[in-house]
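Descriptive structure summary
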Amino acid sequence: MAESKKYRDRIYIVKDIILTLSEYGELNQTSLFSFCGLNITKHKEILNNLEENDIIQRIETVEGKRIITIFKVTPKGMNFCHEILEPYEQLFPRSGKSDSSVNLGCLFFI
């Protein structure tokens, strides 16, 4: 039986982008997408959104006839990762399952 591809929520993709950029300092677009396991066509919108919100910075340089696009994480992006994304992942781990945890669900009082 073929193993199904794992789905990553957008929030985890954002965290992977920020952490990858913080680890390497700066990366060109192809390397960033490769390290994060992303598709350039499908996920370019996420990069654009992160840039618009000053989470990452895009630097374009011309080398001959080519335009090289480099990305790096901003201080605001690192703060966002530490203050928002890391606590989110602690509450909602990627695996979605933990053998030692108990699923309490939601409790409503009426």
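For the structure itself, look to the data block above.
I will try to describe carefully the structure that is included in this document. (Residues numbered from 1 in each chain as written. Predicted model: local features only at pLDDT ≥ 70, side-chain atom pairs only at ≥ 80, totals over all residues. Heavy atoms only, no water.)

1. Observations regarding the pattern of salt bridges
- Under the defined criterion, the tally for this structure stands at three salt bridges.
- In this structure, Arg10 engages Glu45 in a salt bridge whose closest nitrogen and oxygen atoms are separated by 3.8 Å. In this pair, Arg10 is assigned in helix H1 (residues 10–24) and Glu45 in helix H3 (residues 40–52), connecting sequence segments 35 residues apart.
- For Glu45, a relative accessible area of 53% corresponds to the exposed category.
- Residue Glu51 pairs with Arg58 through a salt bridge whose shortest N-O separation is 2.7 Å.
- Assessed through its relative accessible area of 30%, Glu51 is described here as partly exposed. (Salt bridge = Lys/Arg side-chain N within 4 Å of Asp/Glu carboxyl O. Helix = DSSP H or I, 4+ residues; strand = E, 2+ residues; numbered from the N terminus. Buried < 20%, exposed > 50% of the residue type's maximum accessible area, 1.4 Å probe, protein only.)

2. Comments concerning the packing of H1 against helix H2 (residues 29–36)
- For the pair H1 and H2, the least separation of the axes is 10 Å and the interaxial angle reads 120°. The pairing of H1 with H2 is recorded here as oblique in orientation. As H1 runs across H2, the sense of the crossing is right-handed. On H2, the residues that touch Asp16, Ile17, Thr20, Leu21 and Tyr24 of H1 are Leu32, Phe35 and Cys36.
- Residues that form the contact of H1 with H2 fall into these classes: six nonpolar, one polar and one charged. (Axes fitted to C-alpha atoms, helices over the stretch in contact; angles between N-to-C directions. Parallel < 35°, antiparallel > 145°, perpendicular 65-115°, else oblique. Left-handed = near helix turned anticlockwise from the far one by under 90°. Contact = heavy atoms within 4.5 Å. Nonpolar A, V, L, I, M, F, W, Y, C, P; charged D, E, K, R; others polar.)

3. Let's talk about the side chain of Thr69
- You can see Thr69 is positioned in strand S3 (residues 66–73).
- Its relative accessible area of 15% is what places Thr69 among the buried residues.
- In this structure, Thr69 is in contact with Leu27, Asn28, Gln29, Arg58, Ile59 and Glu60, ignoring residues within four places of it in sequence.

4. Describing the nonpolar core
- If you look at the biggest cluster of nonpolar residues, it comprises 19 residues, and the most contacted ones within it are Ile17, Ile18, Leu21, Leu32, Leu47, Leu50 and Ile56.
- Every element with two or more residues in this core is listed here: H1, H2, H3, S3 and helix H4 (75–91).
- A total of five residues in this core trace back to one element, the largest contributor, which is H1.
- When near neighbours in sequence (up to four residues on either side) are disregarded, Ile56 contacts Leu21, Leu47, Leu50, Glu51, Phe71, Lys72, Val73 and Thr74. (Core = buried A, V, L, I, M, F, W, Y, C linked by side-chain atoms within 4.5 Å.)

5. As for the sheet that holds strand S2 (residues 56–63)
- Here three strands make up an open sheet; going across it, the order is S1-S3-S2 and the pairing antiparallel. Bordering the open sheet on either side are strand S1 (27–28) and S2, each of which pairs with just one other strand. (Pairing = 2+ DSSP bridges.)

6. Let's talk about the environment of Ile40
- As for its placement among the helices and strands, Ile40 is situated in helix H3.
- Here the alpha-carbon distance between Ile40 and Thr30, two residues 10 residues apart in the chain, equals 7.8 Å.
- Residues in contact with Ile40, not counting those within four places in the same chain, are Gln29 and Phe33.

7. Some details on H1
- If you check H1, its first and last C-alpha atoms are 21 Å apart, about what 15 residues at 1.5 Å a residue would give, namely 21 Å.
- The elements touched by buried residues of H1 are S1, H2, H3, S2, S3 and H4.
- Following H1 by one or two positions, Gly25 has its phi on the positive side, about 90°. (Expected span 1.5 Å × (residues − 1).)

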